[in-house]
Amino acid sequence: MGSSVAVIGAGSWGTALALVLADNGCKVTMWARRQEVVDEILAERTNSRYLPDVTLPETISPTSDLERALADHDYVLAAMPSVAFRDTMKQVSPFIHKDTRVIHATKGFDKEKLNRMSQVILEEIPQLDARNLAVLTGPSHAEEVSRRFPTTVVVASKSRATAEAFQDLFMNTYFRVYTNPDVVGAELGGALKNIIALGVGLSDGLQFGDNAKAALMTRGLTEISRLGIQMGAAQMTFAGLAGIGDLIVTCTSKHSRNWRAGYQLGQGKTVDEVLSSMNMVVEGIHATKAAYALSQKHEVIMPITNAIFHVLFEGKNPRAAVEDLMGRGKTHEMEEVARMSMRWEE
Ligand SMILES: NC(=O)C1=CN([C@@H]2O[C@H](COP(=O)(O)OP(=O)(O)OC[C@H]3O[C@@H](n4cnc5c(N)ncnc54)[C@H](O)[C@@H]3O)[C@@H](O)[C@H]2O)C=CC1
Ligand SMILES: O=C(CO)COP(=O)(O)O
């Protein structure tokens with residue numbers, strides 16, 4: 001038997017990653033908040049609400065008892081929605097020691113302080129050695145990973161040893177793991193692309209076509225990078241799996257909850273109607289609020305995020321938001337780079 005891994009969170013992503021680990025020979029204990037999820041896995045070996053049509057092997061043991069989940073582990077993986085992240089880390093903290101290697105796979109911001117998830121982990125688990133912390137991100141829908149479709153992801157950690165330990169833990173023939181030392185860029189790429197996917201869904205719901213989709217993705221990546229660099233990320237990360245890679249999959253996949261939520265908004269539903277019709281997390285809604293505040297704090301211009309914020313939280317008509325975006329003042333496409341290196345011929 002390989003390593004023991006405690007997976008905290010039995011939603012779609014926690015369950016799909018537990019499957020990857022089980023395929024790799026790990027003994028997995030998966031914590032679910034709700035006892036009925038545990039009961040279903042024990043009785044049927046399925047998690048039908050979050051990952052239908054997938055059979056879970058016996059090497060994945062579910063429990064709703066956090067202490068039991070964390071009793072005996074070599075590694076901990078946290079994969080719950082960002083809104084539940086800080087509270088869950090508070091509860092997890094007493095069972096984590098300095099040398100535990102912890103990885104999270106959550107794509108969002110802390111609602112209290114707008115912090116990244118790795119910052120929340122270190123705040124709530126102060127005894128943890130920061131070098132033992134990593135993030136897993138990249139273009140990876142649970143529905144496809146659980147069908148063992150070829151997938152590539154990034155593990156980012158400040159410590160090469162930790163990044164490589166998690167690379168070894170997760171990597172297999174259908175799940176290819178790259179390492180990256182840029183934790184800030186990896187976390188921001190994953191969290192901010194959800195906003196753009198919502199925007200693309202909105203645009204598709206309004207039947208605006210493929211040109212608009214390409215514009216939102218490209219200019220969306222520009223503003224993701226702009227905020228990211230200001231917050232300490234490396235620009236190159238946004239050209240990789242955690243940036244453009246995840247942006248592409250989330251803006252174009254039928255599996256994306258963010259795209260689906262945006263699409264329904266574009267068709268005229270309200271935010272409350274959309275949220276009550278989805279039984280899964282829509283991180284982009286929370287991320288829009290966080291990124292709007294972060295753009296003001298860091299004095300970074302994010303027109304698309306601003307427009308989506310006004311649609312989601314101030315009742316602005318999506319068509320009016322698009323008119324405002326199209327009517328912005330004239331600008332150079334490569335404004336930051338241009339200042340540094342590009343020259344007009346005359
Ligand atoms: N589903 C996917 O394909 C991927 C998801 N992610 C990220 O993983 C994170 C988790 O997402 P999913 O597993 O997809 O969500 P999900 O919507 O499938 O499941 C949510 C899980 O969180 C639990 N939960 C909800 N509220 C909670 C609370 N207040 N306290 C404790 N637990 C609570 C639910 O019981 C459920 O187990 C998100 O940040 C998402 O962006 C990242 C990559 C892929
Ligand atoms: O992050 C994801 C894929 O990489 C999941 O995106 P959604 O939350 O939009 O489904």
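Just so we're clear, the structure is a prediction, and the values are computed from it rather than from any experiment. (Residues numbered from 1 in each chain as written. Chains lettered and ligands numbered in written order. Predicted model: local features only at pLDDT ≥ 70, side-chain atom pairs only at ≥ 80, totals over all residues.)

A. Local environment of helix 1 (residues 12–23). For helix 1, built from twelve residues, the straight-helix expectation of 16 Å at 1.5 Å per residue is met to within 8% by its first-to-last C-alpha distance of 17 Å. One or two residues past the end of helix 1 sits Gly25, with phi positive at roughly 90°. (Helix = DSSP H or I, 4+ residues; strand = E, 2+ residues; numbered from the N terminus. Expected span 1.5 Å × (residues − 1).)

B. Structural detail: the UniProt feature "binding site: substrate" (unreviewed entry) in the chain. Within the UniProt annotation, "binding site: substrate" (unreviewed entry) is assigned to Lys107, Arg257 and Asn258. Separation in sequence by 152 residues is not matched in space for these annotated residues, since their most distant C-alpha atoms are only 12.7 Å apart. Within the secondary structure, Lys107 sits in the loop between strand 5 (101–104) and helix 5 (117–124). Setting aside its immediate chain neighbours within four residues, Lys107 contacts Thr137, Gly190, Ala191, Asn194 and Glu283. Take Arg257: it is sitting in helix 11 (residues 257–266). Given 22 C-beta atoms within a 10 Å radius, Arg257 is considered buried. In this structure Arg257 touches Met278, Met280, Val281 and Val282, once residues within four positions along its chain are discounted. (UniProt positions renumbered as here; feature names shortened; annotations may be inferred. Contact = placed C-beta atoms within 7 Å. Buried ≥ 20, exposed ≤ 12 C-beta atoms within 10 Å, placed from the backbone.)

C. Layout of the pairing of strand 1 (residues 4–8). With four of its five residues buried, strand 1 lies for the most part within the structure. Two elements, strand 1 and strand 2 (residues 27–31), share five bridges in a ladder whose sense is parallel. In the strand pairing of strand 2, Ile8 is matched with Trp31. The β-α-β motif built from strand 1, the intervening helix 1 and the parallel element strand 2 has right-handed crossover chirality. Bridge count for strand 1 against strand 4 (residues 75–78) is four bridges, and the pairing is parallel. Paired with Val5 across the two strands is Tyr75, which belongs to strand 4. (Pairing = 2+ DSSP bridges. Right-handed = clockwise from strand over helix to strand, strands pointing away.)

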